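# Survey of secondary and tertiary structure
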Amino acid sequence: MSWNAEIPWDPDEFEPPEDFDAPPPPEGYGDPAFAGAPGLPAGARQPVAAPRRATAKFATAADALRTVFGYDSFRGEQAQIIDQVIGGGDAVVLMPTGGGKSLCYQIPSLVREGTGIVISPLIALMQDQVDALTAVGVRAAFLNSSQDSAARGRVERDYLAGDLDLLYVAPERLSSEATKRFLDRGTIALFAIDEAHCVSQWGHDFRPDYLALSELADRWPDVPRIALTATATDATHKEITTRLQLGEARHFVASFDRPNIQYRIVGKAEPRKQLLAFIRAEHQADAGIVYALSRKTVEQTAEFLRQNGVNALPYHAGLDQGLRARTQSRFLREEGVVIVATIAFGMGIDKPDVRFVAHIDLPKSVEGYYQETGRAGRDGLPSTGWLTYGLQDVVQQRRMIDESPGDLAHRRKLSAHLDAMLALCETVSCRRVNLLRYFGQPSEPCGNCDTCLEPPVGWDGTVAAQKLLSTVVRLLRERSQRFGAGQLIDILRGKVTPRTTQHGHDQLATWGIGADLSDQQWRGVVRQLLAQGLLATSGEYGTLVLTDAAAEVLAGRRTVELRTEPERAARPAAGARKSAAKAAAADLNPEQETLFEALRTWRSAQSKEQGVPAYIIFGDATLLAIAATRPGSLAELDGISGVGAKKLDSYGAAILEVVAAGA
Ligand code: ADP
Ligand code: ZN
């Protein structure tokens with residue numbers, strides 16, 4: 001394909017934040033006396049009634065951790081964060097996805113008097129969050145527009161009676177005076193502001209309603225507030241602190257490393273085929289997310305994967321809301337679903353067993369890339385962050401920046417974001433070191449990224465760069481012409497085409513002087529020169545022009561270091577695994593593996609029967625531990641991480657049966 005061709009681009013790309021809650025109903029709406037309330041939408045489930053506990057509250061955090069969640073010890077700074085909030089202090093928590101943020105507000109809500117109010121931007125996920133808590137015996141509920149008046153009334157009564165440990169609400173609901181007055185009538189244990197980076201006006205998840213949350217400090221000065229996010233940049237951290245009036249808070253910044261995610265970035269040749277090969281080789285039947293930039297690419301890619309036997313579904317903001325909700329629900333409930341999506345999908349998705357996140361277009365920033373890849377492997381089991389990118393990505397994104405509305409300062413910012421992303425893609429050193437350095441955290445080479453597993457070889461590309469740059473110069477000086485990469489490469493390789501003949505390009509002094517490199521290698525050269533700022537694109541067709549720095553190279557005053565382009569971009573990395581499920585089970589002997597599969601089958605049946613996602617029954621990590629230790633009694637089962645009192649009660653006997661049958 002010619003690089004001069006119109007680059008497929010969806011101008012309607014901006015994905016508005018979705019899933020807004022409807023405005024709160026008038027006061028009295030929840031009362032049974034309030035008539036005319038709409039019924040529950042089709043397919044919505046009645047919330048499961050929370051079981052009553054004899055003692056509503058726990059004496060200590062450690063007690064709640066063990067009894068409710070079945071875990072032995074806190075992770076990282078969880079204990080300190082929880083102490084801070086239990087003691088009535090505010091906290092700002094920056095922790096990567098999968099780090100364990102939820103316990104930081106759930107446990108204080110189980111220890112402090114009253115109900116923890118959780119502000120969460122995604123109402124579509126509240127049901128699952130509540131189901132997960134109910135499954136471990138926590139009294140949780142939500143208030144949002146998906147409820148009918150009866151359900152709402154029950155939640156309100158439970159709150160007022162002090163029978164709720166946690167109550168989820170959307171930010172827009174909290175800005176209504178009626179909601180605030182209602183909350184005042186009960187006891188508030190704490191406010192947890194989840195996805196707190198939504199308050200950042202310049203981040204891509206900005207929600208105007210988050211700005212109003214600064215009022216919480218004025219209205220309830222004695223209620224502790226904890227703001228949590230997985231966004232790691234200093235700028236966002238500062239914005240959260242000032243906008244949410246968290247000046248007095250203690251700050252907790254965790255390491256942002258996600259050691260179980262293997263980062264890989266490969267050259268783009270035929271992205272769909274590469275993606276399919278990657279899924280088939282390493283993630284057959286695994287759940288995953290594929291991100292693409294445009295809606296059209298999303299739909300075409302999902303279709304292509306389906307035709308090739310992958311259970312893939314498209315998701316973008318242009319699809320009907322009901323369909324989006326069903327797609328999300330299938331992703332959470334069924335095993336092995338692959339979602340192909342724009343960035344409209346994924347925030348707040350708690351599914352712990354997403355085994356891969358693939359990007360088939362270049363993300364616009366390192367923050368975005370980190371957030372999106374972070375959705376893989378929350379359960380700590382091996383997962384892959386896979387990205388394919390090529391010359392066209394660079395051309396397209398530079399063009400988008402040039403054409404973006406907004407002032408020069410804004411375009412500079414976008415440009416800086418892109419440069420950092422390109423530097424990550426082109427690095428010859430460890431991806432993880434590069435990524436963590438971006439977030440201000442120094443680290444050592446990780447051994448679990450493509451550059452560590454298969455170190456790329458650098459080569460002196462000065463002469464190649466000079467050949468290419470001088471072709472650009474000659475075309476402009478001798479012919480007053482500008483071309484895109486395709487034509488330039490044809491000239492360098494001396495390829496006779498209607499276009500080279502028509503323009504008489506075989507008469508140029510640089511005709512055929514680059515025959516030593518393949519088409520693919522030249523594309524790599526162009527891409528890297530763009531990434532290094534030696535070439536720039538201009539105009540709507542992305543024609544190539546020189547930058548000031550290019551003069552240095554042409555004059556022989558600057559050398560150019562390039563990365564080798566693997567000929568077969570789809571080649572799996574040295575450490576590539578056959579299947580993540582198998583890898584997860586790799587430490588098990590064949591008998592244990594059979595038991596693991598039997599436990600998964602049992603879980604799958606349970607999940608269908610109850611209509612809840614499988615991970616709400618038990619996570620893979622817990623099933624692996626059960627398969628490895630083969631508990632013979634309830635007491636032995638109780639010792640396994642992830643088995644709390646409620647689950648022991650609900651499933652203990654059934655699990656022991658599965659184990660016994662496998663013995
Ligand atoms: P985050 O909200 O930061 O992305 P979660 O709160 O969803 O992360 O936690 C990620 C996973 O780690 C969950 O499956 C959770 O149950 C588990 N987890 C959290 N804290 C602990 C702990 N102290 N011990 C064992 N597992 C934990
Ligand atoms: Zn590495």
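Figured I'd write up the structure that's included with this text. Quick caveat: nothing in here was measured; it's all calculated off a predicted structure. (Residues numbered from 1 in each chain as written. Chains lettered and ligands numbered in written order. Predicted model: local features only at pLDDT ≥ 70, side-chain atom pairs only at ≥ 80, totals over all residues. Heavy atoms only, no water.)

### Details of the pattern of salt bridges
Here the structure, examined in full by the defined rule, presents 34 salt bridges. The closest approach of N and O atoms between Glu-156 and Arg-152, which form a salt bridge, is 3.0 Å. With Glu-156 and Arg-152 both in helix α5 (residues 149-160), this residue pair falls four residues apart, about one helical turn. Like Glu-156, the residue Arg-152 is buried in the burial classification. With its nearest N and O atoms 3.2 Å apart, the salt bridge here joins Arg-523 to Asp-519. In this pair, Arg-523 and Asp-519 are both assigned in helix α22 (residues 519-531), four residues apart and thus about one turn of the helix distant. In this structure Asp-519 comes out as partly exposed when scored by relative accessible area, which is 23%. (Salt bridge = Lys/Arg side-chain N within 4 Å of Asp/Glu carboxyl O. Helix = DSSP H or I, 4+ residues; strand = E, 2+ residues; numbered from the N terminus. Buried < 20%, exposed > 50% of the residue type's maximum accessible area, 1.4 Å probe, protein only.)

### What to know about the packing of helix α14 (residues 366-373) against helix α16 (residues 408-426)
The interhelical angle for the contact between α14 and α16, taken along N-to-C directions, is 60°, at an axis separation of 8 Å. On the basis of their axis angle, the class for α14 and α16 is oblique. Contact residues: α14 offers Val-366, Glu-367 and Tyr-369, while α16 offers His-417, Ala-420, Met-421 and Leu-424. Of the residues assigned to the contact of α14 with α16, the class counts are five nonpolar, one polar and one charged. (Axes fitted to C-alpha atoms, helices over the stretch in contact; angles between N-to-C directions. Parallel < 35°, antiparallel > 145°, perpendicular 65-115°, else oblique. Contact = heavy atoms within 4.5 Å. Nonpolar A, V, L, I, M, F, W, Y, C, P; charged D, E, K, R; others polar.)

### A closer look at the sheet that holds strand β12 (residues 356-359)
Pairing is parallel across the open sheet formed by six strands, whose spatial order is β8-β13-β12-β9-β11-β10. Two strands close off the open sheet at either side, each with one partner strand: β8 (261-267) and β10 (312-315). Mean inter-strand twist for the sheet, computed between neighbouring axes without regard to direction, equals 15°. Here seven bridges tie β8 to strand β13 (residues 383-389), and the two strands are oriented parallel to one another. Considered in β13, the bridge of Tyr-263 is made with Gly-385. (Pairing = 2+ DSSP bridges.)

### Focus on the coordination of the zinc ion (ligand 2)
The protein atoms that coordinate the zinc ion (ligand 2) are Cys-430 (SG), Cys-446 (SG), Cys-449 (SG) and Cys-452 (SG), at distances of 2.3 to 2.4 Å. Taken together, the four donor atoms coordinating the zinc ion (ligand 2) span angles of 102 to 120° at the metal, a pattern that classifies the geometry as tetrahedral. Counting gaps between the donor residues of the zinc ion (ligand 2) yields the pattern C-x15-C-x2-C-x2-C. With Cys-430 in the loop between α16 and α17 (431-438) and Cys-446 in the loop between α17 and α18 (450-453), this residue pair connects regions lying 16 residues apart in the sequence. (Donors = N, O, S within 2.8 Å, 3.2 Å for Na, K, Ca; no water. Tetrahedral: all angles 85-135°; square planar, octahedral: opposite > 155°, others 65-115°.)

### What to know about the sheet that holds strand β6 (residues 225-229)
Strand order in the open sheet made by the seven strands is β3-β4-β2-β5-β6-β1-β7, with parallel pairing throughout. Whereas interior strands pair on both sides, the edge strands pair on one side only; in this sheet they are β3 (140-143) and β7 (250-253). Strand-to-strand twist of the sheet, defined as the mean angle between neighbouring strand axes without regard to direction, takes the value 20°. In the sheet, strand β1 (residues 91-94) pairs with β7 via four bridges, with the strands oriented parallel. In the sheet register, Leu-94 faces β7, and the bridge partner there is Val-253. Here helix α2 (residues 78-86) sits on the sheet and contacts β1, β5 (188-193), β6 and β7; the angle it forms with β7, its principal contact strand, is near 160°. Across the sheet, α5 lies against β2 (115-119), β3, β4 (166-169) and β5, angled at about 125° from β3, the strand it touches most.

### A word on the site of ligand 1
Taken together, 14 residues lie near ligand 1, and Tyr-71, Gly-98, Lys-101, Ser-102 and Arg-378 sit nearest. Contacts to ligand 1 include Gly-99, whose backbone N or O atom sits 3.4 Å from an oxygen atom. Taken together, the residues that form the shell around ligand 1 break down as four nonpolar, seven polar and three charged. (Near = heavy atom within 4 Å. Polar contact = N/O pair within 3.5 Å; in protein donor to acceptor, adjacent residues only side chain to side chain.)

### With respect to helix α20 (residues 485-493)
Most of α20 sits inside the fold, with eight of its nine residues counted as buried. Burial in α20 covers these residues: Ala-485, Gly-486, Gln-487, Leu-488, Ile-489, Asp-490, Ile-491 and Leu-492. Taken together, the buried residues of α20 touch α15 (391-403), α19 (462-479), α21 (498-502), α22 and β16 (543-546). Gly-494 sits one or two residues past α20 and shows a positive phi near 65°.

### Some words on the pairing of β12
By the alternation rule, side chains of β12 split into Phe-356 and Ala-358 and Val-357 and His-359, which are all buried. In the sheet, strand β9 (residues 288-291) pairs with β12 via four bridges, with the strands oriented parallel. By the bridge assignment for β12, Gly-288 is matched with Phe-356. Strand direction decides the pairing type here: β12 and β13, joined by four bridges, are parallel. In the sheet register, Val-357 faces β13, and the bridge partner there is Gly-385. Handedness of the crossover joining β12 and β13 through α14: right-handed. (Right-handed = clockwise from strand over helix to strand, strands pointing away.)

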